[in-house]
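Observations on the three-dimensional arrangement
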Number of protein chains: 2
Amino acid sequence: MKEHLFAGDAFDPGCPTRLVLDRIGDKWTVLVVLVLLDGRRRFSELRDTVGGVTPKVLTQTLRTMERDGLLTREVFAEVPPRVEYELTGLGRSLQVPIRAVSDWAEQHVHAVMAARDRHDAASGGDA
Amino acid sequence: MKEHLFAGDAFDPGCPTRLVLDRIGDKWTVLVVLVLLDGRRRFSELRDTVGGVTPKVLTQTLRTMERDGLLTREVFAEVPPRVEYELTGLGRSLQVPIRAVSDWAEQHVHAVMAARDRHDAASGGDA
DNA sequence: AGATACCAGTATCCGATGGATACCTTTGCG
DNA sequence: CGCAAAGGTATCCATCGGATACTGGTATCT
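Right, let's walk through the structure included here. (Residues numbered from 1 in each chain as written. Chains lettered and ligands numbered in written order. Predicted model: local features only at pLDDT ≥ 70, side-chain atom pairs only at ≥ 80, totals over all residues. Heavy atoms only, no water.)

**Quick word on the pairing of strand S3 (residues 82-87) of chain A**
Residue and element names in this part refer to chain A.
- Inspection of the sheet shows strand S1 (residues 41-42) paired to S3 by two bridges, in the antiparallel sense. Within S3, the position partnered with Arg42 by the bridge is Glu84.
- Sheet topology places strand S2 (residues 71-76) next to S3; six bridges connect them, and they run antiparallel. Pairing of Leu71 across the sheet is with Leu87, part of S3. (Pairing = 2+ DSSP bridges. Helix = DSSP H or I, 4+ residues; strand = E, 2+ residues; numbered from the N terminus.)

Here you go:
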């Protein structure tokens, strides 16, 4: 009776939960949310804040997030153009899981890196 | 002084937190953890439980997780071969963030799907 | 004896995807 | 005139994920 079993059917591909997991597991999506939690931002601000993202990928990410109802895109008919992105309530609610993940990452980065170094030393260390 | 700012430097590529984020944001990693939280499993059990994973990718995932200290791999020199995987303490600690993410996904799947449908109806609905 | 199955992967091939770079648009300004 | 600004596209390439087939050693089935 799976009292509090989570992700019960997440193992089934095609399960909506899987789709959503894939989305919010996306690297850039997470980072974009982190930026936008601080308030609305324009495209170039996002691009500059999130290190290493290319415009194409950022556009794709933003479009998908908009499609999924995580943020809104507002275009100002000016020159030069201005476009602002802002999280919706749904997008803001991502704060909780993302924060959990970020916290874990920061707390355990050292352990992971240490394990990685140990492994490297044991296998490819002499190459 | 970023009092409680999370992911402060996660925007910097090359930041270890980013590396870890990428890892645990990985679809298969998450699902493998979910299975192994229930106890040690052998390769074929994982492959069968996690829907849609191919052996190659599963192997890659497991190898990386082992390298990162998330699980242990135990080989039994038998015929036919037997290999068992088990989460380490570090791996088990992933339960917390993963659970947060899974919970979000299950709670908001409907909202996301609805937004997606709305979007599809508005743009590609007539194609 | 020979074929077969078992398990945990590899090997190989292919298409999708991510990423780097260059380019486009409009219009105000020097 | 022509360059700069902003928000993307267009193009190309590398990498990766995924599908399928195959391996190896033994024990058992026929």
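On we go from here.
**Let's talk about unusual backbone geometry**
- The peptide bond linking Val79(A) to Pro80(A) adopts the cis configuration, its omega dihedral lying at -5 degrees.
- Tracing the chain through its elements places Pro80(A) in the loop between S2 and S3.

**Here we look at the sheet that holds strand S2 (residues 71-76) of chain B**
Residues and elements named next belong to chain B.
- In space, the three strands of this open sheet follow the order S1-S3-S2, with antiparallel pairing throughout. A single partner strand is all that each edge strand has here, and the edge strands are strand S1 (41-42) and S2.
- Across the sheet, helix H2 (residues 27-36) is in contact with S1, S2 and strand S3 (82-87); its angle to S3 comes to roughly 95 degrees.
- Contacts from helix H4 (residues 55-67) reach S2 and S3 within the one sheet, and its direction differs from that of S2 by about 115 degrees. (Contact = heavy atoms within 4.5 Å. Axes fitted to C-alpha atoms, helices over the stretch in contact; angles between N-to-C directions.)

**Observations regarding the protein's contact with DNA strand C**
- Taken together, 21 residues form the shell around DNA strand C, and within it Trp28(A), Thr54(A), Lys56(A), Ser44(B) and Arg73(B) come nearest.
- For DNA strand C, the fraction of atoms within 4 Å of the protein that belong to sugar or phosphate moieties is 69%.
- Arg42(B) is positioned with one of its side-chain polar atoms (N or O) 2.9 Å from a phosphate oxygen of DNA strand C.
- Contacts to DNA strand C include Tyr85(B), whose side-chain N or O atom sits 2.8 Å from a phosphate oxygen. (Near = heavy atom within 4 Å. Polar contact = N/O pair within 3.5 Å; in protein donor to acceptor, adjacent residues only side chain to side chain.)

**A few points about the packing of aromatic side chains**
- What the rule picks out here adds up to zero aromatic pairs over all chains.
- Positioned above the aromatic ring of Phe76(A) is the side chain of Arg82(A), whose terminal nitrogen or guanidinium carbon lies 3.8 Å from the ring centre. (Phe/Tyr/Trp six-rings, centres within 6.5 Å; stacked < 30°, edge-to-face > 60°. Lys NZ or Arg CZ within 6 Å of the ring centre and 35° of its normal.)

**Some points on the relation of the copies chain A and chain B**
- In screw terms, the move from chain A to chain B is a rotation of 180 degrees and a rise of 0.0 Å along the axis, fitting with an RMSD of 0.1 Å. The transformation just described matches what one would write down for a two-fold rotation axis. When C-alpha positions in chain A are compared against the rotation axis, the closest is assigned to Gly25(A), at 2.3 Å.
- Both copies share a contact surface, since 100% of the interface residues of chain A are interface residues in chain B too. (Least-squares fit on C-alpha atoms with pLDDT ≥ 70 in both.)

**A look at the pattern of salt bridges**
- On inspection of all chains with the given rule, the structure shows 22 salt bridges over all chains.
- Of the charged contacts, one joins Arg116(A) and Asp68(B) as a salt bridge, the two residues approaching to 2.8 Å between their closest N and O atoms. One end of the pair, Arg116(A), is in helix H6 (residues 95-123); the other, Asp68(B), is in the loop between H4 and S2, on a second chain.
- The partner of Arg82(B) in a salt bridge is Glu84(B), with the nearest N and O atoms 2.9 Å apart.
- One continuous salt-bridge network, built from bridges that share partners, spans Arg40(A), Glu74(A), Glu78(A), Arg82(A), Glu84(A) and Glu86(A). (Salt bridge = Lys/Arg side-chain N within 4 Å of Asp/Glu carboxyl O.)

**A word on the protein's contact with DNA strand D**
- Every one of the 22 residues lining DNA strand D counts as a neighbour, but Ser44(A), Arg73(A), Pro81(A), Trp28(B) and Lys56(B) are closest to it.
- Side-chain polar atom of Ser44(A) to a phosphate oxygen of DNA strand D: 2.7 Å apart, as the coordinates give it.
- A distance of 2.7 Å is found between a phosphate oxygen of DNA strand D and a side-chain nitrogen or oxygen belonging to Trp28(B).
- Secondary-structure elements contributing two or more residues to the surface near DNA strand D are helix H3 (43-49), helix H4 (55-67) and S3 of chain A together with H2 and H4 of chain B.
- Per element, the largest residue contribution to the surface near DNA strand D is four residues, and it comes from H4(A).
- In terms of residue class, the surface near DNA strand D is made up of 10 nonpolar, five polar and seven charged. (Nonpolar A, V, L, I, M, F, W, Y, C, P; charged D, E, K, R; others polar.)

**Quick notes on the packing of H6(A) against helix H1 (residues 16-24) of chain B**
- Running from N to C, H6(A) and H1(B) cross one another at 100 degrees; their axes reach a closest spacing of 8 Å. In terms of orientation, H6(A) lies roughly perpendicular with respect to H1(B). Between H6(A) and H1(B), the contacting residues are Val101(A), Trp104(A), Ala105(A), Glu106(A), Val109(A), Val112(A), Met113(A) and Arg116(A) on the first element and Pro16(B), Thr17(B), Leu19(B), Val20(B), Leu21(B), Arg23(B) and Ile24(B) on the second.
- By residue class, the composition of the contact of H6(A) with H1(B) is 11 nonpolar, one polar and three charged. (Parallel < 35°, antiparallel > 145°, perpendicular 65-115°, else oblique.)

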